[in-house]
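Okay, here's what each chain looks like letter by letter:
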Amino acid sequence: MSVHTSDSIQTFLTDYTNELNAAVASRAFPPFVQKWFAVGEDCSLTFSHETQGLANAVRLWDHLLPKGMEEGAPREVLQWVDRIEDGRVYSHRQLQGGNAPRPLYGLQQTQFDDRTLISEIKIESVQDEPRIESDPEAARSRLGRIFVAFAEAFNEFFMSGDSDLVVEWCSPDIKMAIDSTFWGMGVIMPHNRIAKTARFTLEGFEQVADDRVVAQVSFVDWGGLDGMSPWELAFTPDLKVRELVISLEI
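Residues numbered from 1 in each chain as written. Predicted model: local features only at pLDDT ≥ 70, side-chain atom pairs only at ≥ 80, totals over all residues. Heavy atoms only, no water.

### Some points on the nonpolar core
At step 1: In this structure, Y16, F37, W61, F200, W231, L233 and L244 are the most contacted members of the largest nonpolar core, which totals 66 residues.
At step 2: The element that contributes the greatest number of residues to this core is helix α5 (residues 142–160), accounting for 8 residues.
At step 3: If sequence neighbours within four positions are ignored, Y16 has contacts with F32, W36, F37, H191, W231, V241 and L244. (Core = buried A, V, L, I, M, F, W, Y, C linked by side-chain atoms within 4.5 Å. Buried < 20%, exposed > 50% of the residue type's maximum accessible area, 1.4 Å probe, protein only. Helix = DSSP H or I, 4+ residues; strand = E, 2+ residues; numbered from the N terminus. Contact = heavy atoms within 4.5 Å.)

### Here we look at the packing of helix α1 (residues 6–26) against helix α2 (residues 29–36)
When two helices pack together, their arrangement is given by the angle between their axes and by how far apart the axes lie.
At step 1: For the pair α1 and α2, interaxial distance at closest approach is 9 Å and the crossing angle is 165°. Classified by the interaxial angle, the pair formed by α1 and α2 is roughly antiparallel. Handedness of the α1/α2 crossing: left-handed. Along the contact surface, α1 presents F12, D15, Y16, E19, L20, A23 and V24, while α2 presents F29, F32, K35 and W36.
At step 2: The residue inventory of the contact of α1 with α2, partitioned by class, reads 8 nonpolar, no polar and 3 charged. (Axes fitted to C-alpha atoms, helices over the stretch in contact; angles between N-to-C directions. Parallel < 35°, antiparallel > 145°, perpendicular 65-115°, else oblique. Left-handed = near helix turned anticlockwise from the far one by under 90°. Nonpolar A, V, L, I, M, F, W, Y, C, P; charged D, E, K, R; others polar.)

### Things to note about empty space enclosed by the protein
If a probe as big as a water molecule is rolled over the atoms, it shows which places are left empty.
At step 1: Counted by the stated rule, this structure contains 2 cavities of 30 Å³ or more.
At step 2: As a volume, the largest cavity reaches approximately 820 Å³.
At step 3: Lining the largest cavity are 41 residues, with F47, L64, L65, I178 and R193 positioned closest to its centre.
At step 4: It is α5 that provides the largest number of residues to the lining of the largest cavity, a total of 6 residues.
At step 5: Residue composition of the lining of the largest cavity, grouped by class: 30 nonpolar, 8 polar and 3 charged. (1 Å grid on protein atoms, 1.4 Å probe; cavity = no way out; pocket = protein on both sides within 12 Å on 5 of 7 lines; lining within 4 Å. Points joined across faces, edges and corners; volume = space filled by probe spheres on them.)

### Observations regarding the pattern of salt bridges
At step 1: Counting across every chain of the model gives 10 salt bridges.
At step 2: As a salt-bridge pair, D211 and R242 come within 3.1 Å of each other at their nearest N and O atoms. Residue D211 is found in the loop between β7 (199–209) and β8 (212–222), and its partner R242 is found in strand β11 (residues 241–246); the two are separated by 31 residues along the sequence.
At step 3: For E232, the salt bridge goes to R212, with nearest N and O atoms at 3.2 Å. Residue E232 is found in strand β10 (residues 231–235), and its partner R212 is found in strand β8; the two are separated by 20 residues along the sequence.
At step 4: Judged by its relative accessible area of 31%, E232 falls in the partly exposed class.
At step 5: Residues joined in a network through salt bridges with shared partners are D211, R212, E232, R242 and E243. (Salt bridge = Lys/Arg side-chain N within 4 Å of Asp/Glu carboxyl O.)

### A short note on the pairing of β7
At step 1: With 9 bridges connecting them, β7 and β8 associate as antiparallel partners. Opposite R199, over in β8, you have V220 as the bridge partner.
At step 2: Hairpin geometry of β7 and β8 is characterised by an intervening segment of 2 residues between the two adjacent antiparallel strands. (Pairing = 2+ DSSP bridges.)

### Describing the pairing of β11
At step 1: Bridge analysis of strand β1 (residues 44–52) against β11 gives 4 bridges, and the strand direction is parallel. Its bridge partner lying in β11, T46 is registered against V245.
At step 2: Bridge count for β10 against β11 is 5 bridges, and the pairing is antiparallel. Each residue of the ladder has a partner; that of A234, found in β11, is E243.

Right, dumping it as structure tokens:
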């Protein structure tokens, strides 16, 4: 394997960040992905974020999700209840609308506490439509009906941007977790979720191996939100992105 020098990685990360900003503004993500990612070698992009507390959850919903007519919205999430175990609703979901060229699919776990408030939401995005056998009785159960009503309220929030419609369903200490991995040209899909106004700046990086770095990247104006987005990147010998793991610090 070729050895990537600090200078070559600095040049790569600087150029990559500049072209990412251009692609975010133009929404021309396919050529960007084809240039920078090893799409012929099963490259991957993972996005993960965890937060706790209702104020932090609302911050995500208010800033990171396009609402009303932002970013080609409105959007809606279609949810299907698969099963219910110990107050936890397992569902699969389809996010549609907005500027995304195709629906985004996912699996969701929604935990209800003893007051029937939502205490935890875990979302795992998947690259293709999941094939799951759902229990038809689950959606007709009391908790299934409550979950469906919550899903409807969330779609009202997507239309109006009024997060108070969602807040009343949630526990004050709600936990939110997002974990998504995409492969090959599928890495375009999380790019489509970046707000058109967002801009990224490379703040520094640490080379942790010949083919791997951890970069500190800041962002501004993602739906009015500023923060940090650490990137962990692994490269191919010809300096293409083989793996990219993104998290948020907001």
